[in-house]
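Architecture and fold: a report
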Amino acid sequence: MKKLTLFLIFLLVSNVFSQFGQNKVQYRTFSWSFIQSKHFDVYYYENGKDLAEFAAVAAESAYVSISKTFNYQITKRIPIVVYNSHNEFQQTNVSLEYLEEGIGGFTEIFKNRVVLPYEGSYEGFRHVLHHELVHAVVNDLFFGGNAQSIVTGAYTNLPLWWNEGLAEFESLDWDTQTDLYLRDAVINNYLPPVEYLYGFMAYRGGQSIWKFIAEKYGREKIAEIIAKTRLTKSIEGGFKSATGLDIKTLDEQWSKNLKKIYWPEVTDRLEPTDFAKKLTD
C-alpha cells in the first residue's frame with residue numbers, strides 16, 4: 001500500500017508539473033446522473049440523456065465484438081462519462097492533464113473509466129467509444145481494472161502500436177484513411193519498423209499489423225496472442241508463443257506483405273508533378 005501511495009503521488013506531481021502554463025479552467029458545475037446497461041454505467045448531465053442512451057446501446061454492441069475478439073468477459077462494470085461537447089469535455093477532472101483539441105476521448109486506467117465528448121457525428125462518437133472500450137477491456141484483462149495491479153507485478157508494458165493499433169483494428173477493422181496513409185508510407189519508403197512505430201503512425205501501422213495477423217492466421221489468433229502476452233508479460237513472448245514469430249520476423253513479414261500490396265500501384269498512379277504545377281517551396 002505504501003508503494004502504491006508513493007506511485008500515485010509521483011503521478012500527481014508529474015501531471016502538475018507537465019501542465020505548467022496550461023490551465024484547466026472549469027467554467028461550470030455539472031449536475032451528473034447515470035443510466036445502467038448490462039455491463040456499463042453511463043454518466044451524463046443536463047440535456048445529455050438521449051446521448052447517454054445512445055452510448056449505452058453502442059457500448060453493448062461494441063462489447064459483443066470485443067469480447068468475441070478477445071475471448072474474454074470483463075470482471076467489473078465499466079463507467080462511461082459522456083460530455084455534450086468538446087469544450088465541456090476539456091473541463092473534466094477525471095484526468096489532471098490538459099486535453100488538447102485533437103484528443104477525442106481517453107480511458108483512465110486507475111478506475112478504468114472511459115471519457116469522451118459528442119462532437120457532432122454519431123458515427124464518430126460510436127467509433128471513439130468502441131476504440132476506448134478496447135482499452136478498458138485490455139485494462140481489465142491485464143490489470144484487473146485497478147492501479148494496484150500495476151505496482152504489484154501484473155503490469156505488462158504494452159507499446160503504443162500494440163495497444164492503439166488493436167483498438168483501431170477492433171473498432172474499424174480497415175478504413176480508407178488508414179489505407180491512404182499506409183500506401184503513401186510504403187511507396188515513399190518512410191514506414192518505420194514495428195518497434196519504431198510512434199505517434200500517429202503507431203495507430204495506422206499498428207492497425208495494419210493486427211490486420212496482417214488476422215488475414216494470415218485468422219481473427220481468432222488475436223485472442224491467443226493477447227492471452228500469451230498476458231501469461232508471459234512480454235509482447236515478444238506473446239507473439240512468439242502464439243505465432244512462432246519474434247518482433248523482428250513479424251516486422252519483416254508485415255513489411256513484405258505491404259510491399260506486395262502497394263508497390264504495384266506505382267505503375268497505376270501519377271505523381272503530383274506529372275499533372276500539377278508546384279506553387280510553393
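You'll find the structure just up there.
Now for a description of the structure that goes with this document. (Residues numbered from 1 in each chain as written. Predicted model: local features only at pLDDT ≥ 70, side-chain atom pairs only at ≥ 80, totals over all residues. Heavy atoms only, no water.)

Across its full length, the protein chain holds 12 helices and 5 strands. Residues counted as buried form 46% of the 281 residues belonging to the protein chain. Across the protein chain, the fraction of contacts at a sequence separation of at least 24, relative to all contacts at a separation of at least 6, is 67%. Taken as a whole, the protein chain presents about 15500 Å² of accessible surface, with 53% of it coming from carbon and sulfur. (Helix = DSSP H or I, 4+ residues; strand = E, 2+ residues; numbered from the N terminus. Buried < 20%, exposed > 50% of the residue type's maximum accessible area, 1.4 Å probe, protein only. Contact = heavy atoms within 4.5 Å. Areas by Shrake-Rupley, 256 points an atom, 1.4 Å probe, with all protein chains shown as cover.)

With a phi angle near 65°, asparagine 47 is a residue other than glycine that sits in the positive phi range. Here asparagine 189, not a glycine, exhibits a phi torsion of approximately 60°, which is positive. One can find asparagine 189 in the loop between helix H7 (176–187) and helix H8 (199–217).

The tendency in soluble globular proteins is for nonpolar side chains to be buried side by side. If you look at the biggest cluster of nonpolar residues, it comprises 62 residues, and the most contacted ones within it are Phe70, Ile80, Leu129, Leu133, Trp161, Trp162 and Phe239. Those residues in contact with leucine 129 that lie beyond four places of it in its chain are Ala55, Ala58, Ala59, Ile80, Val114 and Leu116. Core analysis: the next-biggest nonpolar cluster, separate from the first, contains 9 residues, Tyr83, Leu99, Phe106 and Val115 among them. (Core = buried A, V, L, I, M, F, W, Y, C linked by side-chain atoms within 4.5 Å.)

Here the focus is the pairing of strand S3 (residues 78–83). Most of S3 sits out of view: 6 of its 6 residues are buried. Both faces of S3 are covered, namely the face carrying Ile78, Ile80 and Val82 and the face carrying Pro79, Val81 and Tyr83. In the sheet, strand S2 (residues 40–44) pairs with S3 via 4 bridges, with the strands oriented parallel. Residue phenylalanine 40 lies in a different strand from S3, and its bridge partner there is isoleucine 78. For the segment spanning S2, helix H2 (residues 49–70) and S3, crossover handedness is left-handed. One ladder, built from 4 bridges, connects S3 with strand S5 (residues 113–117); its direction is parallel. If you follow valine 81 over to S5, its bridge partner there is valine 115. (Pairing = 2+ DSSP bridges. Right-handed = clockwise from strand over helix to strand, strands pointing away.)

Moving on: the packing of H8 against helix H11 (residues 247–262). Look at H8 against H11: their axes get within 11 Å of each other, and the N-to-C directions meet at 90°. As summarised for this structure, H8 and H11 are arranged roughly perpendicular, according to the angle between their axes. Listed contacts from H11 to Gly205, Ser208, Ile209, Phe212, Ile213 and Lys216 of H8 are Leu250, Gln253, Trp254, Asn257 and Leu258. Along the lines of polarity and charge, the residues of the contact of H8 with H11 split into 6 nonpolar, 4 polar and 1 charged. (Axes fitted to C-alpha atoms, helices over the stretch in contact; angles between N-to-C directions. Parallel < 35°, antiparallel > 145°, perpendicular 65-115°, else oblique. Nonpolar A, V, L, I, M, F, W, Y, C, P; charged D, E, K, R; others polar.)

Moving on, we come to the pairing of S2. Within S2, 4 of the 5 residues are buried, which leaves the element mostly enclosed by the surrounding structure. With 4 bridges joining them, strand S1 (residues 33–36) and S2 adopt antiparallel strand pairing. Of the residues in S2, the one forming a bridge with isoleucine 35 is valine 42. The turn linking S1 back onto S2 is made up of 3 residues.

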